[in-house]
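The lines below spell out each chain.
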Amino acid sequence: MSGLKIFRIVTWVAIAAAAGIWIGFGGIFPGTARVQKPVAIDTAAIGGPFELTSHKGETVDNARLAGKPYLVFFGFTHCPDICPTTLFELTDLMAKLGPAADRLTPLFITVDPERDTPEVLAEYMTAFDERILALRGSLAETDATVKAFAAYYRKAPTDGGGYTMDHTAGVILMEAEGRFAGTLDMHEPREAVLAKLKRLAGA
Amino acid sequence: MPIRLAAAFSAFILLVGPASAHDFKIGQIEIKHPWSRPTPPSAPVAGGYMKLTNTGIEADRLVEVVSPIAERAEIHRSVVENGIASMRPTEGLAVDPGATVDFEAEKLHVMFIKPKSQLKDGEKFPATLVFEKAGRVEIEFMVQARAAKPAAKDHSSHSGSK
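Asks: Got a minute to help me understand the interface of chain B and chain A in this structure?
Replies: Much of the literature gives interface size as the accessible area that the parts lose upon coming together. Contact residues are listed per partner, giving 24 residues for chain B and 29 residues for chain A. A per-residue breakdown of the area chain B buries against chain A is headed by Pro40(B), Ile84(B) and Ala85(B), which together make up 22% of the total. At the surface where chain B touches chain A, the tally comes to one salt bridge. Arg88(B) serves as the salt-bridge partner of Asp166(A), at 2.8 Å between the closest nitrogen and oxygen. Where chain B packs against chain A, one counts seven residue pairs in polar contact (both at pLDDT 80 or more). Residue assignment for the side of chain B that touches chain A shows that the elements contributing at least two residues are β3 (45-54), β5 (70-81), β6 (84-89) and β9 (108-115) of chain B.

Spelled out as structure tokens, the structure:
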């Protein structure tokens, strides 16, 4: 390592330490206190019990998923942009991960079970990596699942009498023990996304 | 000899230029590289993207998209706010003078509703764009697995839609 490089590292460490002290003492001095934002999501609450049926006809619940890390993506087939793009990217990422991908179970959970019938999902999923499971349940089961992942969905009516779905956009990462391990944003650099998946797969 | 060479060279440019660029033009509106992703089988919708540039001095609007491959087409904007994805139709799309509306960067897409067949990588399909001032133009969407571009940046300063 060159002297310059060491100097650079030392400088950055010093800056980081100074920033840490400043943030730490920020609340002590009157007028400098920052408003503490509440933590948006209680991460311990993510990954509660749920039960759905896969596009292959199997029952999939949290007990069955235990022991293997998994990915959860909420979407619907009447979605031309974010949903198929995410599924194509997951397909691509699974291929790039190689054998480590076998240790992951990506789940595509429909938030539109009324239109996404088992038949529609079975056909739809043939375009993607066969390890990705599409899951579907009744409206009540869908509600319970969305709640189990502290996610969100809502039916949004459109002008022509139809509707579209608003839904949580990110991919939720779950560890083998069922603990929440963060989220994936497909707009992050590809290497960062791949690194997160490798870490999750324990590769 | 140099003249002949120049002629050959310009012929070469004429041949190569438009074919590889996949662009269209109507009046003052340039339409760059309309493309669409392959769809999964039985997909009830497909998305289309392009770049529209207004080289004129008068504002124009894209008011309609029609294609024989779908029951109908709408222009939508995807919004991700607080981690929630939502999608809303836009009533026409303004293309201001000198502005470029980059569908991908602005999270816009043409939504082809009920495509008559699955869109496959490498295919092309026709569509008609209708602009308020420039009028109608026949274009072709290329179906391709990935966008031929680096990651889309947010050019919100160029935002031309209302």
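Asks: Sorry, what's going on with the sheet that holds strand β4 (residues 105-110) of chain A here?
Replies: Backbone hydrogen bonds hold the strands of a sheet together, and the pairing may be parallel or antiparallel. All names here are of chain A. Strand order in the open sheet formed by seven strands is β2-β1-β5-β4-β3-β8-β9, and the pairing between neighbours is mixed. Sheet topology places β2 (59-61) and β9 (180-184) at the edges, where each strand pairs with a single neighbour. The mean inter-strand angle of the sheet, taken between neighbouring strand axes irrespective of direction, is 35°. Inspection of the sheet shows strand β1 (residues 51-54) paired to β2 by three bridges, in the antiparallel sense. From the neighbouring strand, Leu-52 faces β2, where its bridge partner is Val-60. Relative to strand β3 (residues 70-75), helix α3 (residues 82-97) is tilted by about 160°, and along the sheet it contacts β3, β4 and β8 (171-174). Helix α5 (residues 139-148) rests against β1, β3 and β4 of the sheet, and its axis sits at about 110° to β1.

Asks: Looking at this structure, how should I read the nonpolar core?
Replies: Generally speaking, nonpolar side chains in soluble globular proteins are found buried as a group. Core analysis: the biggest nonpolar cluster contains 55 residues, and Leu71(A), Phe74(A), Phe108(A) and Phe149(A) have the highest contact counts within it. With seven residues, α3(A) is the single largest residue contributor to this core. Core analysis: the second largest hydrophobic core is formed by 30 residues, Ile31(B), Ala127(B), Leu129(B) and Val137(B) among them.

Asks: What is the right way to read the confidence of the model for chain B from this model?
Replies: Regions with low pLDDT should not have their predicted coordinates read in detail. All names here are of chain B. With 77% of its residues at a pLDDT of 70 or more, chain B has an overall mean of 84. Across chain B, strand β10 (residues 124-131) holds the top mean pLDDT of 98, while helix α1 (residues 2-21) sits lowest at 49. pLDDT under 50 marks residues 11-20. Its contacts with residues more than four places away, or in other chains, come to one contact. Note that residues 148-162 has pLDDT below 50 and, in this model, 24 contacts with residues that lie over four places away or in other chains. Among the scores for the predicted complex, ipTM is 0.73 and pTM is 0.77.

Analysis parameters
Residues numbered from 1 in each chain as written. Chains lettered and ligands numbered in written order. Predicted model: local features only at pLDDT ≥ 70, side-chain atom pairs only at ≥ 80, totals over all residues. Heavy atoms only, no water. Contact = heavy atoms within 4.5 Å. Buried area = accessible area lost by both parts, 1.4 Å probe. Salt bridge = Lys/Arg side-chain N within 4 Å of Asp/Glu carboxyl O. Polar contact = N/O pair within 3.5 Å; in protein donor to acceptor, adjacent residues only side chain to side chain. Helix = DSSP H or I, 4+ residues; strand = E, 2+ residues; numbered from the N terminus. Pairing = 2+ DSSP bridges. Axes fitted to C-alpha atoms, helices over the stretch in contact; angles between N-to-C directions. Core = buried A, V, L, I, M, F, W, Y, C linked by side-chain atoms within 4.5 Å. Buried < 20%, exposed > 50% of the residue type's maximum accessible area, 1.4 Å probe, protein only. pLDDT = per-residue confidence, 0-100.

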